[in-house]
Amino acid sequence: MITLIKESDQLKMPWKNKQGTTAQILVSPPGSSLDKLDFDYRLSSAPIKAAGPFSKFPGYQRILLPVSGAGFVLNGHPYATFEAAHFSGDDETHCELLKKEVADLGLIYDPKRLSANVRVLNVPFPLTLTLEADKTYLCHLLSGQLEVDGRAVAVNETLVVKGEESIHFECGKKTTLAFFTLQANVQ
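An unreviewed UniProt entry lists the chain under the name HutD family protein, with Aeromonas media as the source organism.

Shown next, in the form of structure tokens:
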């Protein structure tokens with residue numbers, strides 16, 4: 001099953017620490033919330049306009065991908081655009097900007113239930129990827145043109161792919177995707 005989440009479907013909300021705003025792209029399972037910390041995973045995008053502390057998410061792991069701007073420094077470690085930062089939601093995390101405002105794409109997930117990773121794909125031609133049907137894939141269009149199953153995907157829209165053995169991307173010359181892979185942990 002392939003589901004398209006349009007930018008207009010994203011829920012705009014304040015950061016947990018109230019020092020900025022975010023666009024919640026997806027929270028799973030549906031009906032779970034940031035306030036209750038009862039979600040398996042949450043994908044969101046936010047501008048980081050100034051240095052400051054990050055919200056804590058006890059018991060969760062985080063992947064933060066700068067997708068525009070020069071990048072940032074988290075707790076003394078620099079991350080360039082499209083370089084993923086992996087860190088614990090339990091940690092006191094302080095962010096400094098390398099230059100000016102940065103936009104990020106972030107995944108917060110429960111490591112007791114899931115493992116997760118992200119790759120940035122620069123796709124210069126049509127491509128078919130072999131998938132594993134037991135994994136969930138979140139494919140967020142960062143730039144360029146993309147069509148999947150005859151449906152156009154716009155920049156800042158996300159495909160949620162579950163139970164599929166492959167996916168075919170029809171794309172332009174300079175198409176860039178953030179491609180998250182989530183796998184349920186075996187109990």
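Next comes the rest of the description.
**Q** Explanation requested: the overall build of the chain in the structure shown.
**A** Scanning the chain from N- to C-terminus turns up 0 helices and 19 strands. Over its C-alpha atoms, taken along the principal directions, the chain stretches across nearly 40 × 40 × 30 Å. Taking all 187 residues of the chain together, 48% fall into the buried category. Partitioning the intrachain contacts of the chain with sequence separation of at least 6 by distance along the chain shows that 68% fall at a separation of at least 24. In the chain, which carries 19 positive and 21 negative side-chain charges, the distance between the mean positions of the two groups comes to 5 Å.

**Q** When you look at unusual backbone geometry in this model, what are you seeing that I'm missing?
**A** Note: most peptide bonds trans; most residues except glycine with negative phi. Residue S28 is joined to P29 through a cis peptide bond whose omega torsion reads 0 degrees. If you trace the backbone, P29 turns up in the loop between β3 (21-28) and β4 (41-48). Of note in this structure, F82 is not a glycine but carries a positive phi near 70 degrees. Mapped onto the elements, F82 comes out in the loop between β8 (77-79) and β9 (85-88).

**Q** Can you help me understand the nonpolar core in this one?
**A** It is characteristic of soluble globular proteins that their nonpolar side chains tend to be buried jointly. With 20 residues, the main nonpolar core has Y41, L105, L107, L138 and F180 as its most contacted residues. Taken together, the elements giving at least two residues each to this core come down to β3, β4, β6 (61-68), β11 (102-109), β12 (114-123), β14 (135-143) and β19 (175-184). Look past the residues within four positions of L138 in its chain and what remains in contact with it is L26, Y41, L43, L107, T158, L159, V160, A178, F179, F180 and L182. Counting residues in hydrophobic clusters, the runner-up holds 19 residues, among them I2, L129, L146 and V161.

**Q** Explain the sheet that holds β14 to me, please; I cannot follow it from the model alone.
**A** By way of backbone hydrogen bonds, the strands of a sheet pair with one another, either parallel or antiparallel. Judged by pairing direction, the sheet is antiparallel, and its 5 strands sit side by side in the order β1-β17-β14-β19-β12 without closing on themselves. Looking along the sheet, the strands with just one partner apiece sit at the ends: β1 (2-5) and β12. Taking the axes of each pair of neighbouring strands and ignoring which way they run, one obtains an average angle of 20 degrees across the sheet. Bridge count for β12 against β19 is 10 bridges, and the pairing is antiparallel. When the sheet's bridge partners are listed, A116 is paired in β19 with L182.

**Q** Hey, could you run me through the sheet that holds β6 in this one?
**A** Pairing is antiparallel in the open sheet, where 6 strands are placed in the order β2-β3-β4-β11-β6-β9. The open sheet is flanked by β2 (11-14) and β9, the only strands paired with a single partner. Across the sheet, the axes of successive neighbouring strands diverge by a mean angle of 30 degrees, strand direction being ignored. As paired strands, β4 and β11 are joined by 8 bridges and run antiparallel to one another. Counted as the bridge partner of S44 is G106 from β11.

Definitions and cut-offs
- Residues numbered from 1 in each chain as written.
- Predicted model: local features only at pLDDT ≥ 70, side-chain atom pairs only at ≥ 80, totals over all residues.
- Heavy atoms only, no water.
- Helix = DSSP H or I, 4+ residues; strand = E, 2+ residues; numbered from the N terminus.
- Buried < 20%, exposed > 50% of the residue type's maximum accessible area, 1.4 Å probe, protein only.
- Contact = heavy atoms within 4.5 Å.
- Lys, Arg positive; Asp, Glu negative; His and termini not counted.
- Charge placed at Lys NZ, Arg CZ, Asp CG, Glu CD.
- Core = buried A, V, L, I, M, F, W, Y, C linked by side-chain atoms within 4.5 Å.
- Pairing = 2+ DSSP bridges.
- Axes fitted to C-alpha atoms, helices over the stretch in contact; angles between N-to-C directions.

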